[in-house]
Amino acid sequence: MSNRRISRLALTVLAVCAMIFIYMPIAMLVLFSFNDSPFVAFPMSGFTTRWYTDLFADRRIIGSVWNSLFVGGVSTAIATVAGTCAAFAMARVSFRGKTLVRIIIILPLMIPSIMLGLSLLSVFVQLHIHRSLVTVILGYCTFTTSFVTLVVGASLHNLDPSLEEAARDLYARPTGVFFRVTLPLIAPGVIAGALFAFTLAFDEYVIAFLNSGTQETIPLVIMGMMKYGLSPKINALAALIYAASFLLAVVASTVLLRRGRLRRPAPAA
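Residues numbered from 1 in each chain as written. Predicted model: local features only at pLDDT ≥ 70, side-chain atom pairs only at ≥ 80, totals over all residues. Heavy atoms only, no water.

### Concerning the overall build of the chain
When you go through the chain residue by residue, the secondary structure sums to 12 helices and 0 strands. From first element to last, N terminus to C terminus, the chain shows the α and β order α-α-α-α-α-α-α-α-α-α-α-α. In terms of C-alpha radius of gyration, the chain reaches 23 Å, well past the compact-globule figure of 18 Å for 269 residues. Based on the C-alpha atoms only, the size of the chain along its principal axes is roughly 70 × 70 × 35 Å. In the chain, the share of contacts with a sequence separation of at least 24, taken over all contacts with a separation of at least 6, comes to 69%. (Helix = DSSP H or I, 4+ residues; strand = E, 2+ residues; numbered from the N terminus. Rg over C-alpha atoms; globule rule 2.2 N^0.38 Å. Contact = heavy atoms within 4.5 Å.)

Right under this line is the structure:
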């Protein structure tokens with residue numbers, strides 16, 4: 001066997017092992033969501049879907065799901081708009097203190113979430129702001145905006161500025177250049193940044209714990225349930241979240257691939 005075949009075989013084995021290592025816990029979690037026993041242990045005592053039925057009948061869990069979707073959706077919308085504008089300013093505008101502004105934007109990513117949550121809590125207490133889902137949204141925006149800025153900034157860095165210059169040469173207004181040329185070209189980066197922001201906001205625990213008040217999100221409910229052991233309802237909830245995430249990733253990938261094929265120039269005759 002040649003060295004090239006040995007190398008390919010070794011890389012294939014490593015890739016398979018890595019995939020098993022990553023996805024085995026997910027597969028086990030989904031498997032135990034159908035276990036008839038309330039305890040997570042082998043062998044499984046039977047197959048059942050009653051944990052999903054109990055899950056949808058639990059008002060606390062359903063309410064936390066809607067709270068998480070609301071918080072994630074609103075914070076993602078704010079972070080996507082703010083992060084895209086910040087990335088465009090960093091990439092296309094020259095001003096004094098630009099390096100300092102870039103550091104300030106990235107800084108929330110380098111601060112531990114416990115410190116960021118305590119800082120936000122102190123601000124809300126000093127300003128006499130009642131803690132609610134609104135304060136959670138404000139807290140999430142502080143660091144998700146940084147992620148969007150970095151992702152969109154990378155897309156703008158790879159964008160050819162001559163395309164924007166050509167639009168300006170054709171007397172397009174600055175807003176027209178941005179919405180009709182720049183934004184469509186960096187759309188994959190914007191979508192990726194939005195997905196990152198939503199994922200981070202959906203499952204962040206510390207900031208929500210310190211700043212949510214009496215309203216609960218999914219991470220708070222799960223951590224509260226974990227105090228009494230690993231319930232199969234948690235497995236069922238996690239399985240549904242995994243399925244929704246997989247479906248969202250497939251839809252996003254399909255849309256981006258379709259956009260890329262539509263933009264690909266037709267071969268010359």
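### Quick look at the side chain of E204
Within the secondary structure, E204 sits in the loop between α9 (187–203) and α10 (206–211). Although E204 is buried, it forms no salt bridge, and the closest oppositely charged side chain is R131 at an N-O distance of 13 Å. Within the local environment of E204, its side chain forms a polar contact with the backbone nitrogen of I207, the two atoms lying 2.8 Å apart. With near-sequence residues (within four places) excluded, E204 lies in contact with S113, Y140, F143 and P219. (Buried < 20%, exposed > 50% of the residue type's maximum accessible area, 1.4 Å probe, protein only. Lys, Arg positive; Asp, Glu negative; His and termini not counted. Salt bridge = Lys/Arg side-chain N within 4 Å of Asp/Glu carboxyl O. Polar contact = N/O pair within 3.5 Å; in protein donor to acceptor, adjacent residues only side chain to side chain.)

### Some details on the packing of aromatic side chains
In the structure shown here, the tally under the stated rule is 7 aromatic pairs. Taken together, the aromatic side chains of F34, F47 and Y52 make up a single cluster linked through ring pairs. (Phe/Tyr/Trp six-rings, centres within 6.5 Å; stacked < 30°, edge-to-face > 60°.)

### A look at the nonpolar core
V71, Y140 and I207 are the most contacted members of the largest nonpolar core, which has 14 residues in total. Mapped onto this core, the elements with two or more residues apiece are α5 (113–126), α6 (133–157) and α10. At 6 residues, the largest contribution of residues to this core is made by α6. Ignoring any residue separated from it by four or fewer positions in sequence, one finds I207 in contact with S113, L116, G117, L120, G139, Y140 and F143. (Core = buried A, V, L, I, M, F, W, Y, C linked by side-chain atoms within 4.5 Å.)

### Observations concerning helix α8 (residues 174–185)
Along its 12 residues, α8 runs 15 Å from first to last C-alpha, staying within 8% of the 16 Å computed at 1.5 Å per residue. Of the residues making up α8, those classed as buried are V177, F178, V181 and T182. Across the axial projection of α8, the buried residues extend over an arc of 125°, all falling on one side. Turned more than 90 degrees away from the buried face of α8 sit T175, F179 and R180, all of them exposed. Looking at the buried positions of α8, the neighbouring elements they touch are α3 (59–92), α6 and α7 (161–169). (Expected span 1.5 Å × (residues − 1). Arc of directions from axis to C-beta.)

### A closer look at the pattern of salt bridges
Oppositely charged side chains may form a pair once their charged atoms are brought near each other. Applying the stated criterion to the full structure yields 2 salt bridges. In this structure, the salt-bridge partner of D58 is K233, at a minimum N-O distance of 2.9 Å. Of the two residues, D58 is situated in the loop between α2 (50–57) and α3 and K233 in helix α12 (residues 232–263); the sequence distance between them amounts to 175 residues. Neither D58 nor K233 differs from the other in exposure class; each is buried. A salt bridge links R60 to E216; the shortest N-O distance between them is 2.9 Å. Here R60, found in helix α3, pairs with E216, found in the loop between α10 and α11 (218–226); they are 156 residues apart in sequence, far enough to count as distant. A residue is classified by how much of its surface remains accessible, and R60, at 41% relative accessible area, is partly exposed. By relative accessible area, which is 26% here, E216 ends up partly exposed.

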